[in-house]
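Below are the chains, spelled out letter by letter.
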Amino acid sequence: MSEVVPRLPVKIAPSILSADFARLGEQVQQVEAAGADRIHVDVMDGHFVPNLSMGAVVVRSLRPVTRLPLEVHLMVEEPGRFLEGFVQAGADTLIVHLEVLPDPRPLLEHIRRGLGKRGGLAINPDMPVERLRPFLRDIDVALCMTVFPGFGGQSYIPASTARIAELRRLIGMENAECELEVDGGIDARTISEAARAGADVFVAGTAIFADPEGPATAVRRLARLVEQARQR
Ligand code: DX5
Ligand code: ZN
C-alpha cells in the first residue's frame, strides 16, 4: 500500500487505458503520489463502442495497490449486468451511458442506494446536453464526452467547449451538486479551455501515461494549468 499523499485541489482522473499494463500497479502509484484524484477505468464491450478493453479483474488487481477511488466508465450496451461484479472488485463510482438507457433512474437508484456507490451518467458528443438535465440531481458525476468513446489518443472535439459551458449552466439552474467531468483528448493544450468552460474533473489517458517526462509530472502539469485557467 502506498503512502497517503494529499490530493491536488484540481481533480485529475488518469485513465489507465493508456497505461503500460505490464507496469500498471507502479504507474497507478506514481499518479497517486503526484496528487491525482481518482483512477478512471474504461470498460468497453465491442458493441456500444467498436473496441474491447478491460473488466472487473483489473479493478480487483488495482484495489490493494492504491487508496485512490476507482471510477469505472462503462461503455457497454447492458451496464446493469456488470455493476455488482465491479462493486465486488472494489469500484467506488460507476458511470453509465445515457444512450443505452431509455430511463436511467432505476439503474442510478440501484447504484447509489442499492449498492451504496457513486453513480454517474455519460453522454456522447452527439447527444444534446439538455438530455442530462432531468437527472442532474440524481447523479454524482455528469460525464461530458469530448471525443466519441472507444479509443484513447483522439483529438478533443472543439464544439465540446460550448457543451461544457451549457452543462455547467444547467447544473447551476438545477442547483445540482454533481461534478462535471470531461473525457477525451484532454491534454496541456485543451485542458485550460475545458476548465474555463466549467469542467471540474479532468480525465486524461494519453496526456498522462504517454508523457515523455512520466505520469507524475504530467498530472502536476495538468493540475497547474487548470489552476491558472481558474485564476483568469
Ligand atoms: C475514450 C475513453 C477515455 C480515454 C481517454 O473512449 O472513455 O477515457 O481513455 O483517453 P485520452 O485522454 O487519450 O483521450
Ligand atoms: Zn473514459
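1. Comments concerning the environment of Gln27
Part 1 of the reasoning: Note that Gln27 resides in helix α1 (residues 24-33).
Part 2 of the reasoning: By relative accessible area, which is 4% here, Gln27 ends up buried.
Part 3 of the reasoning: Here the alpha-carbon distance between Gln27 and Ala216, two residues 189 residues apart in the chain, equals 8.7 Å.
Part 4 of the reasoning: Residues within four places of Gln27 in sequence aside, it is in contact with Ala19, Asp20 and Phe209.
Part 5 of the reasoning: Here Asp20 takes part through its backbone nitrogen, which lies 2.9 Å from a polar atom of the side chain of Gln27.

2. Focus on the coordination of the zinc ion (ligand 2)
Part 1 of the reasoning: Distances from the zinc ion (ligand 2) to its protein donors, His40 (NE2), Asp42 (OD), His73 (ND1) and Asp183 (OD), fall at 2.1 to 2.3 Å.
Part 2 of the reasoning: Seen from the zinc ion (ligand 2), its six donor atoms lie at angles of 69 to 170°, and the figure they make is octahedral.
Part 3 of the reasoning: Taken in sequence order, the residues that donate to the zinc ion (ligand 2) follow the motif H-x1-D-x30-H-x109-D. A residue pair is termed long-range when its members are at least 10 positions apart, and Asp42 in strand β2 (residues 39-44) and His73 in strand β3 (residues 70-75) qualify at 31 residues. Of the two residues, Asp42 and His73, both sit in the buried class.

3. Thoughts on the site of ligand 1
Part 1 of the reasoning: In the vicinity of ligand 1, 20 residues are found, and the nearest of them are Asp42, Gly150, Asp183, Gly205 and Thr206.
Part 2 of the reasoning: Within the side chain of Ser15, a nitrogen or oxygen atom sits 3.0 Å from an oxygen atom of ligand 1.
Part 3 of the reasoning: Gly153 is positioned with one of its backbone polar atoms (N or O) 2.8 Å from an oxygen atom of ligand 1.
Part 4 of the reasoning: Because more than half of its atoms lie within 2 Å of the grid, ligand 1 is assigned to the largest pocket.
Part 5 of the reasoning: At the level of elements, β2, β3 and β8 (201-204) are the ones that each hand at least two residues to the shell around ligand 1.
Part 6 of the reasoning: Ranked by residue count, the leading element in the shell around ligand 1 is β2, at three residues.

4. A few points about the sheet that holds strand β7 (residues 179-183)
Part 1 of the reasoning: Ordered in space as β1-β8-β7-β6-β5-β4-β3-β2, the eight strands form an open sheet in which the pairing is parallel. The open sheet has two edge strands with one neighbour each: β1 (11-14) and β2. Neighbouring strand axes in the sheet, compared pairwise and without regard to direction, differ in orientation by 25° on average.
Part 2 of the reasoning: Across three bridges, the pairing between β7 and β8 is parallel.

5. Looking at the layout of surface pockets
Part 1 of the reasoning: In this structure, the largest pocket spans a volume of roughly 400 Å³.
Part 2 of the reasoning: Lining the largest pocket are 30 residues, and of these Gly153, Gln154, Gly184, Gly185 and Thr206 sit closest to its centre.
Part 3 of the reasoning: Among the elements of the structure, β2, β3, β8 and α7 (206-209) are those that each provide at least two residues to the lining of the largest pocket.
Part 4 of the reasoning: When grouped by side-chain class, the residues that make up the lining of the largest pocket number 13 nonpolar, 13 polar and four charged.

6. A word on the pairing of β3
Part 1 of the reasoning: Burial analysis of β3 places six of its six residues in the buried class, which makes it a mostly covered element.
Part 2 of the reasoning: Side-chain alternation along β3 places Leu70, Val72 and Leu74 on one buried face and Glu71, His73 and Met75 on a second face that is also buried.
Part 3 of the reasoning: Bridging between β2 and β3 involves six bridges; their strand directions are parallel. When the sheet's bridge partners are listed, His40 is paired in β3 with Glu71.
Part 4 of the reasoning: Tracing the backbone out of β3, into helix α3 (residues 83-89) and back to the parallel element strand β4 (residues 93-97) gives a crossover that is right-handed.

Parameters and conventions
- Residues numbered from 1 in each chain as written.
- Chains lettered and ligands numbered in written order.
- Predicted model: local features only at pLDDT ≥ 70, side-chain atom pairs only at ≥ 80, totals over all residues.
- Heavy atoms only, no water.
- Helix = DSSP H or I, 4+ residues; strand = E, 2+ residues; numbered from the N terminus.
- Buried < 20%, exposed > 50% of the residue type's maximum accessible area, 1.4 Å probe, protein only.
- Contact = heavy atoms within 4.5 Å.
- Polar contact = N/O pair within 3.5 Å; in protein donor to acceptor, adjacent residues only side chain to side chain.
- Donors = N, O, S within 2.8 Å, 3.2 Å for Na, K, Ca; no water.
- Tetrahedral: all angles 85-135°; square planar, octahedral: opposite > 155°, others 65-115°.
- Near = heavy atom within 4 Å.
- 1 Å grid on protein atoms, 1.4 Å probe; cavity = no way out; pocket = protein on both sides within 12 Å on 5 of 7 lines; lining within 4 Å.
- Sits in = over half its atoms within 2 Å of the grid points.
- Pairing = 2+ DSSP bridges.
- Axes fitted to C-alpha atoms, helices over the stretch in contact; angles between N-to-C directions.
- Points joined across faces, edges and corners; volume = space filled by probe spheres on them.
- Nonpolar A, V, L, I, M, F, W, Y, C, P; charged D, E, K, R; others polar.
- Right-handed = clockwise from strand over helix to strand, strands pointing away.

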